[in-house]
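Listed here are the chains, written in short residue letters.
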Amino acid sequence: MDGCSFTDLGESSTDPAQTDTGSGGPEPFDSELKSQRWPGSAQDPSQSLPLLERLEAQDLTTKMEMEPSGEKGSNSQTPTRKIWKRIWGALSCLTGDMKAFGDWLKDKPLLFQFVDWVLRGISQVMFVSNPLSGLIIIAAFLVQSPWLTLTGCLGGIISTLTALLLSQDRSAIAAGLHSYNGVLVGMLMAIFSNSGDYFWWLLLPVVVMSMACPLFTSALASVFSKWDLPVFTLPFNMALTAFVAATGHYNLFFPAKLLQPIASVPSLNWSEIQVSLMGLPLGTWGFCLTSLTFLLLTTNNDAIYKLPLSKVTYPEANRAFYLAEKRKQPKSACDV
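Residues numbered from 1 in each chain as written. Predicted model: local features only at pLDDT ≥ 70, side-chain atom pairs only at ≥ 80, totals over all residues. Heavy atoms only, no water.

Turning to the overall build of the protein, a few remarks are in order. Of the regular secondary structure elements, the protein holds 13 helices and zero strands. Reading the protein from its N terminus to its C terminus gives the helix and strand order α-α-α-α-α-α-α-α-α-α-α-α-α. Buried residues in the protein amount to 26% of all 336 residues. The long-range share in the protein, meaning contacts at least 24 apart out of those at least 6 apart in sequence, stands at 57%. In the form shown here, the protein has an accessible surface area of approximately 23,300 Å², with 65% of it arising from carbon and sulfur atoms. (Helix = DSSP H or I, 4+ residues; strand = E, 2+ residues; numbered from the N terminus. Buried < 20%, exposed > 50% of the residue type's maximum accessible area, 1.4 Å probe, protein only. Contact = heavy atoms within 4.5 Å. Areas by Shrake-Rupley, 256 points an atom, 1.4 Å probe, with all protein chains shown as cover.)

Here you go:
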């Protein structure tokens, strides 16, 4: 009876008491019903499954039906995401510290890397490590004074070369941290010179003082690291002060501008007020006092994180150091 249909079963087995009297002995009629092949259209096979398995089968079917519509939505968003990804990738190559560009230059000739280091050093004057920013600053210097641009670039090049010869930290050199003091020395020596623009003999002391900047930086860093203090532009101030003190206004070869205190204030305009023994504007002392207070500030406020001052360089590196230190801190029970 394995191959009979449901209609044949109804016609041949209408008597509930009918049994099979074969060699296997009498078998109940229920066993014959279990062995029948039911048509697929008569009943859903999933209905014969247990309730839990039936729900799982329905969930699987629902997911399979939803996948095509989800794929269509993702396909429609893919071009837009690709465009934004390309734009973001292009911006990341030009903004910040341009780390991808620096990594790309690592296997290039040393001359290309050296130009990148000098440009980063020029941008470090504004606390930025970006060669593109260095080019923009050079363009601004050229508009203001080509002579100052020449002396500043020369100071940055010489100080970078000196740091390389002294085998200073290559990562610090690549970030321009050994260049910006030379840039400031070259420009300020030209400003304080009383010989006017394009006094070519001035390039000689610019080279000498720029070579002294990495020496001052290395020496001061080894001392200040004991108190966790940064060097910043102190090498530039020391080199420039030494040059002005050694030459002075009455020097026959490299005369400096005569610095005299102003005895009387001509007007009350802020742009004209000069109250300093060295002829510096009034805002200089406020800036120095504010910077000193901020650097030496101590606080227990968890919302304020104070970086070790010897690690403070430029914003991107400061944030990277902060995030690295934050990962090392154990999480509290409230954060879990």
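Our next topic: unusual backbone geometry. Of note in the backbone geometry, Phe127 takes a positive phi value of approximately 60° without being a glycine. Following the sequence through the fold, Phe127 ends up in the loop between helix H5 (110-123) and helix H6 (131-144). Its identity as a non-glycine residue notwithstanding, Phe232 has a phi of 55°, on the positive side. Relative to the helices and strands, Phe232 resides in the loop between helix H10 (203-224) and helix H11 (234-247).

Once that is clear, we can look at the environment of Thr162. Position of Thr162 among the secondary structure elements: in helix H7 (residues 146-165). Separated by 17 residues in the primary sequence, Thr162 and Ser179 place their C-alpha atoms 9.7 Å from one another. Among all residues touching Thr162, those that are not within four sequence positions of it are Met211 and Pro214.

In total, this model carries five aromatic pairs according to the counting rule given. Summarising the aromatic geometry, the rings of Phe199 and Phe254 are spaced 6.3 Å apart at their centres and angled 70° between planes, so their arrangement reads as edge-to-face. With Phe199 in the loop between helix H9 (180-192) and H10 and Phe254 in the loop between H11 and helix H12 (282-295), this residue pair connects regions lying 55 residues apart in the sequence. A residue is classified by how much of its surface remains accessible, and Phe199, at 22% relative accessible area, is partly exposed. An aromatic cluster of at least three residues, connected via ring pairs, comprises Trp147, Tyr198 and Trp200. (Phe/Tyr/Trp six-rings, centres within 6.5 Å; stacked < 30°, edge-to-face > 60°.)

A few words now on the packing of H5 against H6. One way to put it is that H5 packs onto H6 with a least axis distance of 7 Å and a crossing angle of 65°. Taken together, H5 and H6 sit at an angle that is classed as roughly perpendicular. Seen from above, H5 lies across H6 with left-handed handedness. Packed against H5, whose contacting residues are Asp116, Leu119, Arg120, Ile122 and Ser123, the element H6 presents Pro131, Ser133, Gly134, Leu135, Ile137 and Ile138 at the interface. (Axes fitted to C-alpha atoms, helices over the stretch in contact; angles between N-to-C directions. Parallel < 35°, antiparallel > 145°, perpendicular 65-115°, else oblique. Left-handed = near helix turned anticlockwise from the far one by under 90°.)

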